[in-house]
There are 2 protein chains.
Amino acid sequence: MNTDIIEKPYVVGIDIGGQTTKMGIVDMRGQVLSQTVIRTDTHTDVQDYVEDVADALTKIIAESGSEGKVRGIGVGAPNGNYYTGTIENAVNLTWGGSKSIPFAELLSSRMNGLKVALTNDANAAAVGEMTYGAARGMKNFIMITLGTGVGSGIVINGEVVYGHDGFAGELGHTCAVRNNGRLCNCGKTGCLETYCSATGVARTAREWLTLSDEPSVLRSLDSISSKDVFEAAKEGDKLALKIFEFTGKILGQSFADFVAFSAPEAIVLFGGLARAKEYLYQPIMDAMNANLLPLWRGKIKIVFSQLKESDAAILGASALAWEL
Amino acid sequence: MNTDIIEKPYVVGIDIGGQTTKMGIVDMRGQVLSQTVIRTDTHTDVQDYVEDVADALTKIIAESGSEGKVRGIGVGAPNGNYYTGTIENAVNLTWGGSKSIPFAELLSSRMNGLKVALTNDANAAAVGEMTYGAARGMKNFIMITLGTGVGSGIVINGEVVYGHDGFAGELGHTCAVRNNGRLCNCGKTGCLETYCSATGVARTAREWLTLSDEPSVLRSLDSISSKDVFEAAKEGDKLALKIFEFTGKILGQSFADFVAFSAPEAIVLFGGLARAKEYLYQPIMDAMNANLLPLWRGKIKIVFSQLKESDAAILGASALAWEL
């Protein structure tokens, strides 16, 4: 294996999102040598899409001078199944739909048999953080991605938990509010992600603006995003600050239950909303510690991703390929 | 290792409870060859207690003719830490108190260096069920023990999850009722075990009898135990049946969140309250499936322990010793 690393010191990381697909060539220290982006949503047929991915990859492999030196390809994709290498019922992908797509196999055969490992984006982020980021040296941690939804990747004894079917780690769909909770895209109510994702924060803002007369700079906006709430908080807007306090409290309450499950050393936060760390950290800590068993109180760390945001998705996916 | 198994085909299992300590000699098929019980709570000094355990063990080892054929000793104990072999702050043990007791080391040196593995009783039960019981062949399952409290042992990829500190799997202290939940012994409120343990069921009965005028055979009793509720349910008592429905619903709701964590093949139920399976099974299933992501609905099994109840604690502890 050591010889292999010397001869093939690079990996490819591919992050498949609903709109765009990012890919890059990464070395062992987590440097992205070359990267590119293609559209995901201009294809309805997965074969066409795989062609485009392969063409783009071949180009950046040539650009970076890494022909013949690539060990493997890691892919982060919605509903990606690590065990089977398939993308399952990914309704947010134009070519995904309600079927099982053998993506790893399709890409591998188009890339001259290069090995392909595939998992969902949150699991990929966890591996990335463990390989290059805030979780280096940790063997037990939980990655929480705060983006459009809330994703999670759970690492126990240095390994991502995939469960009996490959789909473990759906902590965004654990119940944060049992009664009269918000309706989630998944069809359930009260899911953590309906409160603590970027869309959840915007939803809280809209709800609270309707329910109270409290003055806020947010009132002047036509539509509200989590970024608007963040900007308002930075200006000292009280309602915006309270929204982050509320969001952090719900996260912290849920985190306490996650700790009771796997006793992680830390919970690592990543994603757009994690940028609001100065407003989220203390409410999360307070609520988590208030809901932890005494034996864990004050002992579980909350840390924020250390990966450069523009590279993180590629790095996370690429890290999977080192394990091939 | 194979030679070792032929030459040393037995293990010892010790289950330390607050009142009594059960121990037995077990063979590879999970047969208990010989067993005995001593008091736990007549000792205030752990050294005296270890002496008594060792004397009792030496006796049953001789009785069963297994001198020199014992591979190791497995111990299930409250607050047992697998990593360190210590029993930590076990307030329910007369010799436990608020300290860390190096129990594995003490027992091993008293038993001529026989290796000792130690964990909490729910983790031991999980290993027992995987080795001899309902979870044979399963690599991903969650063991839930419904006794005085609610304990749990989580198995992922065939291994018990101990977490970064050895204390993972405290699912009895995850939050079942967020607001105005019942006060738990741990100091928090709303913990699963305040509703779904044997004491939780009795508590529900007392609460409901006070809050309503509904007729029930339970009204004639001076004090109510979960066994009384079980007996009443068997006689068709409507209130008792509703209590089990309520208990099952809360369990099922919590189980759905546990599934989102580790995607187990099954949840295995064990302990006194699990005897009420005919009243608990359907409410658990209904509530769990209603709260699961669609991808898991109808796919996660609820199974009940297959170990003989009188042997189960010893078997669970003994199973740990095969891994030494």
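Rules and cut-offs
Residue positions within a chain follow its written sequence, with the count starting from 1. Chains and ligands are labelled sequentially in the order written, the chains with letters from A and the ligands with numbers from 1. Local features in a predicted model are, by the rule used here, given only for residues with pLDDT of at least 70; side-chain atom pairs are given and counted only at 80 or more, and totals for whole chains, interfaces and linings are based on all residues. Where side-chain values are given, they derive from all heavy atoms of the structure, hydrogens and water being excluded. Fitted lines through C-alpha atoms give the axes, limited to the stretch in contact for helices. The angle between two N-to-C directions lies from 0 to 180 degrees. Each helix is a run of DSSP H or I of at least 4 residues and each strand a run of E of at least 2, with the numbering of both proceeding from the N terminus. To sort the angles, those under 35 degrees are grouped as roughly parallel, those over 145 as roughly antiparallel, those from 65 to 115 as roughly perpendicular, and the leftovers as oblique. The crossing is said to be left-handed when, going from far helix to near helix, the turn is anticlockwise and less than a right angle, and right-handed when the turn is clockwise. Every residue pair with non-hydrogen atoms within 4.5 Å of one another is taken to be in contact. We call Asp, Glu, Lys and Arg charged. Ala, Val, Leu, Ile, Met, Phe, Trp, Tyr, Cys and Pro are nonpolar, and the rest, Gly among them, are polar. Least-squares superposition aligns the copies on the C-alpha atoms of those residues with pLDDT at or above 70 in both. Ring pairs shown here join Phe, Tyr and Trp side chains whose ring centres sit within 6.5 Å, with only the six-membered ring taken for Trp; geometry is labelled stacked below 30 degrees between planes, edge-to-face above 60, and tilted in between. Throughout, exposure labels follow a simple rule: accessible area from a 1.4 Å probe, protein chains only, divided by the maximum for the residue type, with under 20% read as buried, over 50% as exposed, and the rest as partly exposed. Strand pairing is defined by DSSP finding a minimum of two bridges between the two strands.

## A few points about the packing of helix 6 (residues 198-211) of chain A against helix 8 (residues 238-262) of chain A
All names here are of chain A. At a minimum axis distance of 10 Å, the contact between helix 6 and helix 8 shows a crossing angle of 125 degrees. It follows from the interaxial angle that helix 6 and helix 8 lie oblique. Judged by the sense of rotation from one axis to the other, the crossing of helix 6 with helix 8 is right-handed. Here V201, T204, A205, W208 and L209 of helix 6 come into contact with helix 8, specifically with L239, K242, I243, F246 and T247. Each residue belonging to the contact of helix 6 with helix 8 can be placed in one class, and the counts come to seven nonpolar, two polar and one charged.

## Some details on the relation of the copies chain A and chain B
Overlaying chain A with chain B gives an RMSD of 0.0 Å, the required rotation being 180 degrees about an axis along which the chain moves by 0.0 Å. The operation mapping one copy onto its partner corresponds to a two-fold rotation axis. Both copies present the same face, since 100% of the interface residues in chain A are matched by interface residues at the equivalent positions in chain B.

## Quick notes on the packing of aromatic side chains
Both the distance between ring centres and the angle between the ring planes are used here to describe each pair of aromatic rings. In this structure the tally under the stated criterion is 27 aromatic pairs over all chains. Pairing A:Y49 with A:W95 gives two aromatic rings, centres 4.5 Å apart and planes at 25 degrees, and the pair type is stacked. With a gap of 46 residues between them, A:Y49 in helix 2 (residues 46-63) and A:W95 in the loop between strand 6 (86-88) and strand 7 (100-101) connect regions that are remote in the sequence. Note on accessibility: A:Y49 and A:W95 belong to one class, buried. Judged by centre distance (6.0 Å) and plane angle (20 degrees), the ring pair of B:W95 and B:F103 falls under stacked.

## Brief notes about the pairing of strand 4 (residues 70-76) of chain B
Consecutive side chains along a regular strand alternate between the two faces of the sheet. All names here are of chain B. The buried fraction of strand 4 is high, at seven of seven residues. The sheet contact formed by strand 1 (residues 10-16) and strand 4 spans six bridges and is parallel. Of the residues in strand 4, the one forming a bridge with G13 is G74. Of the pairings in the sheet, the one linking strand 4 to strand 8 (residues 116-119) comprises four bridges and is parallel in character. Within the sheet, the bridge partner assigned to G76 lies in strand 8 and is T119.

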